[in-house]
Amino acid sequence: MIGRKGAFHDLSWRLPAPGGGALAVWRRNLLVWRKMMGASLLFNFGEPLIYLVGLGYGLGMFIGEMGGLPYRTFLATGLLASSSMTTASMEGSYSVYTRMVPQQTYDGMLATPLEVDDIVAGEMMWCATKGLISSAAILLVAVLLGAIDSWQALWCLPAFMLVGLCFAGPALLVASLARSWDIFAYYVTLAITPMFIFCGVFYPTSSLPGGVQDVVGILPLTHAVALIRPLAAGLPLDHVALHVAVLSAYALLGFYLAAVLTRRRLIA
Amino acid sequence: MHSPDPVILARGLCKNFNGLAAVRGIDLDVRRGVCFGLLGPNGAGKTTTLKMFLGQCHKSGGELRVLGMAMPQQGRKIRRRMGVVPQADNLDPDFTVYENLLVYASYFGIARPLARERIDELLDFVGLSDRAATHIGELSGGMKRRLSVARALINDPELLILDEPTTGLDPQVRHLLWTRLRELKRSGKTLLLTTHYMEEAERLCDELAIMDHGRIIAQGSPRAVIRQFVEPDVIEIQGCPPPLHAGLTAANAGRLEIFGETTYVYTADAQALALCLKQSPEISYLHRPANLEDVFLKLTGRDLRE
Ligand SMILES: Nc1ncnc2c1ncn2[C@@H]1O[C@H](COP(=O)(O)OP(=O)(O)O)[C@@H](O)[C@H]1O
Ligand SMILES: [Mg+2]
């Protein structure tokens, strides 16, 4: 007998083993994105332009320098990190849930050689790709506005991908648990927005009280900002290994749990 | 190289959903090249059974081999050679008809040029060639169903699984699908379908199994199943008056079943009874050969499900 009791319980906790099919899932999403590329890019370029011109110049007049950088550069380099976070988080929660539940896109995929692991891996890569697109757009805007002028900033591109993966994992995890869209409002309000405000995008985390700093220090966006800001501003880097390790840990743990829970959800 | 195994072999297959036994130990052999029908009232466990065959639902017990390979261990390989039309269409609403097929082909790793060739053939096969650029949201129910069938054929599968392919369709679309399914069978594919329509099963299926409450309660060719479970003829009498009913019972005319206004007489000797009924012109009756629906109702009862 193959189906001993509990045998498949073990199966569902096994490590994910995605295959080449993940690329097909990623390409499916790229194809959808390309159909609405105009609107997406307008948003990707328009929003940072407003932030950088409005806040960067407006606040910059009063603030002058922050953390040794002109304020608009400080802000631009912070937004580079937070934009990958926001974009990957939205795609990994709202959009993935939409494909999983109302659209049943994954049920269709699961009637092909694709497995849940392929879907989760492909979605994760896609979330990171969208994060990369949005942050790269900001980079371009910041360069055109003269807020960033170092060639070192090109190293940001792989960093954006890593930041995207870091936030895609937890977002997919939330989506795999969601029973409706409501939970994503909690996720944004309780996790994403606080990070956006506290993790060093608008001011250095060193200006926060000690206890708060300790908490903020374990949040992924803090490490994303700490990695990307010096890269983009052409400053010397420090603790690169630590930041990469923390971001990777969130990505991998998120991926693992999302794969396990999505398997349970899609395979009865 | 084809294995001599049946395309589907299930032994003692079970599925429990947190204590609810949806499938309770079924044995099934689907031979290569046949059209096999799985019949049963709502909630009988048909969809659950099909989902185990394609790996979207893990069995709780028993043995299952599909295309000669163990399910779910070899799921990827099995699904490469299988096509599925799900009970509820799950076409990709972000794409047009053509893109749906192109993207689905990519899940099988089919190269673009081959995919495009197949898509043209398949759209023609299901009569959607002029709809290639239409968005899914603008298709009628029948068109979606036909597109689902085309999508299930994109990998030229050996085994095609269809869960209620014709439910809710108008007669034109049903007949088109029947024609297409027969063509597929003639081309050597194995078909496994579920349906509520007994006349559909009688027309299409070489073999069938009737399921109820998670068990298979009858199995065989439609003819054989009818022969095994019901008398060859049925006489339906509308508003059978009590004296006639008493007479039928006394004369041992056949097995009587009353449902609403209608009395069904299942009998091996319909000739004599019909002759007798003809003498009372005020009684309206219908004489017909027994069919699969009679078997189905006898085995699963006339009570409403759900
Ligand atoms: N994912 C599930 N979780 C819990 N119960 C389920 C699930 N899927 C099906 N069932 C139950 O299993 C039984 C069989 O359902 P199903 O296989 O869909 O029947 P059919 O397709 O013959 O109408 C029903 O009682 C149904 O409610
Ligand atoms: Mg069903």
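Refer to the structure printed above.
Worth saying up front: this structure is predicted, and the values here are computed from it rather than measured. Per-chain numbering applies: the sequence of each chain, read as written, is numbered from 1 onward. Chain labels run from A onward and ligand labels from 1 onward, assigned in the order the entries are written. Selection of residues for local features in this predicted model requires a pLDDT of at least 70, selection of side-chain atom pairs for listing and counting requires 80 or more, and totals for whole chains, interfaces and linings are taken over all residues. Hydrogens and waters are ignored; side-chain quantities use all the structure's heavy atoms.

> Is there a simple way to think about the overall build of chain A in this case?
Regarding its fold elements, chain A presents 11 helices and two strands. A run of DSSP states H or I qualifies as a helix once it reaches four residues; a run of E qualifies as a strand once it reaches two. Both are numbered from the N-terminal end. The N-to-C order of helical and strand elements in chain A reads α-α-α-β-β-α-α-α-α-α-α-α-α. It is over C-alpha atoms that the radius of gyration is taken, and the globule rule equals 2.2 Å times the number of residues to the power 0.38. Rg of the C-alpha trace for chain A: 20 Å, near the compact-globule value of 18 Å for 268 residues, within the 12% margin. Here the C-alpha coordinates of chain A stretch approximately 75 × 45 × 35 Å along the principal axes. With a 1.4 Å probe rolled over the protein chains alone, any residue whose accessible area is under 20% of its type maximum counts as buried; one over 50% counts as exposed, and the rest are partly exposed. Taking all 268 residues of chain A together, the buried fraction comes to 51%. In chain A, of all internal contacts separated by at least 6 residues, the share reaching a separation of at least 24 is 80%. Should any heavy atoms of two residues lie within 4.5 Å, those residues are counted as being in contact.

> Sorry, what's going on with helix α11 (residues 292-300) of chain B here?
Residues spaced three or four apart along an α-helix face the same direction, because each turn holds 3.6 residues. All names here are of chain B. All of the buried residues along α11 are Leu 292, Asp 294, Val 295, Phe 296 and Thr 300. Looking at where α11 begins, the residue whose side-chain oxygen comes 3.0 Å from the main-chain nitrogen of Glu 293 is Asn 291. Looking at the residues trailing α11, positive phi occurs at Gly 301, about 85 degrees. Pairs of N or O atoms within 3.5 Å make up the polar contacts considered here, provided that, within protein, one atom can donate a hydrogen while the other can accept it, and that residues adjacent in sequence are counted only when both atoms are side-chain atoms.

> Mind showing me how you'd approach the coordination of the magnesium ion (ligand 2) here?
Perfect tetrahedral coordination of a metal by four donors corresponds to 109.5 degrees between them, and perfect octahedral coordination by six donors corresponds to 90 or 180 degrees. Looking at the magnesium ion (ligand 2), one finds its protein donor set to be Thr 47 of chain B (OG1) and Gln 87 of chain B (OE1), positioned 2.0 to 2.3 Å from the metal centre. With Thr 47 of chain B in helix α1 (residues 46-54) and Gln 87 of chain B in the loop between β6 (82-85) and α3 (97-107), this pair connects stretches of sequence that are 40 residues apart. Donors, by definition, are the N, O and S atoms found within 2.8 Å of a metal, the threshold being 3.2 Å for Na, K and Ca, and water is not counted, so a site can look incomplete.

> Whenever I open this one, the packing of aromatic side chains confuses me. Can you help?
Geometry of an aromatic ring pair is reported as the spacing of the ring centres plus the angle between the planes. Paired rings are identified among Phe, Tyr and Trp, the last through its six-membered ring, by centres lying within 6.5 Å, and are further divided according to the angle between planes into stacked (under 30 degrees), edge-to-face (over 60) and tilted (the rest). Under the definition given, this model contains eight aromatic pairs over all chains. Taken together, the aromatic side chains of Tyr 94, Tyr 97, Trp 181 and Phe 184 of chain A make up a single cluster linked through ring pairs. We count a charge as sitting over a ring when the NZ of a lysine or the CZ of an arginine lies within 6 Å of the ring centre and within 35 degrees of the ring normal. The ring of Phe 74 of chain A carries the charged tip of Arg 229 of chain A above its face, separated from the ring centre by 3.5 Å. When the ring centre of Phe 125 of chain B is taken as origin, the NZ or CZ atom of Arg 180 of chain B, which lies over that ring, is 5.1 Å away.

> Looking at this model, I keep getting lost on the sheet that holds strand β2 (residues 20-30) of chain B. Mind explaining?
Within a sheet, each strand pairs with its neighbour through backbone hydrogen bonds, oriented either parallel or antiparallel. Residue and element names in this part refer to chain B. Strand order across the open sheet formed by four strands is β2-β1-β4-β5, with antiparallel pairing between neighbours. Both outer strands of the open sheet, β2 and β5 (69-70), are each paired with one neighbouring strand and no more. Strands β1 (8-17), β2 and β4 (61-66) of the sheet are contacted by α1, whose axis makes an angle of about 115 degrees with β1. Strand pairing is assigned whenever DSSP detects at least two bridges linking the two strands. Working convention: axes come from line fits to C-alpha atoms, limited for helices to the stretch in contact. Angles between N-to-C directions cover 0 to 180 degrees.

> What am I meant to see in the site of ligand 1 here?
Residues and elements named next belong to chain B. Phe 17, Leu 20, Ala 22, Pro 41, Asn 42, Gly 43, Ala 44, Gly 45, Lys 46, Thr 47 and Thr 48 make up every residue found near ligand 1. Between ligand 1 and Thr 47, the relevant distance is 2.7 Å, taken from an oxygen atom to a side-chain nitrogen or oxygen of the residue. Computed with a 1.4 Å probe, the accessible areas rest on the Shrake-Rupley method; for each residue, only the protein chains presented here act as cover. For ligand 1, whose unbound accessible area comes to 560 Å², protein coverage reaches 60%. The element best represented in the shell around ligand 1 is α1, accounting for three residues. Classification used: nonpolar for Ala, Val, Leu, Ile, Met, Phe, Trp, Tyr, Cys and Pro, charged for Asp, Glu, Lys and Arg, polar for all others including Gly. The class makeup of the residues in the shell around ligand 1 is five nonpolar, five polar and one charged. Whether a residue is near a molecule or strand depends on its heavy atoms: if one lies within 4 Å, it is near.

> Sorry if this is basic, but what is going on with the pattern of salt bridges here?
Any two side chains of opposite charge can pair, on the condition that their charged atoms come close. Residues and elements named next belong to chain A. Any Lys or Arg side-chain nitrogen found within 4 Å of a carboxyl oxygen on Asp or Glu counts as a salt bridge. This structure, assessed with the given rule, holds 25 salt bridges over all chains. A salt bridge links Glu 123 to Arg 99; the shortest N-O distance between them is 2.9 Å. Highlighted residues: Glu 123 in helix α6 (residues 116-144) and Arg 99 in helix α4 (residues 71-100), separated in sequence by 24 residues. Here Glu 123 matches Arg 99 in class, with each residue buried. Because the salt bridges share partners, they merge into one network encompassing Glu 91, Arg 99, Glu 123 and Lys 130.

> Would you mind going over the environment of Leu 177 of chain B with me for this structure?
All names here are of chain B. Note that Leu 177 resides in helix α6 (residues 171-186). On the basis of relative accessible area, Leu 177 is assigned to the buried category, the value being 3%. In contact with Leu 177, other than residues within four places in its own chain, are Arg 146, Val 149, Pro 165, Thr 166 and Leu 169.

> How should a nonpolar patch on the surface be read in this particular structure?
A cluster of nonpolar side chains, contributed by Leu 59, Met 61, Phe 62 and Ile 63 of chain A, occupies part of the molecular surface with about 480 Å² of accessible area. Residue position: Ile 63 of chain A is located in helix α3 (residues 37-63). Patch definition: residues with relative accessible area over 30% and no salt bridge; like charges joined within 9 Å; nonpolar side chains (Val, Leu, Ile, Met, Phe, Trp, Tyr) joined within 5 Å.

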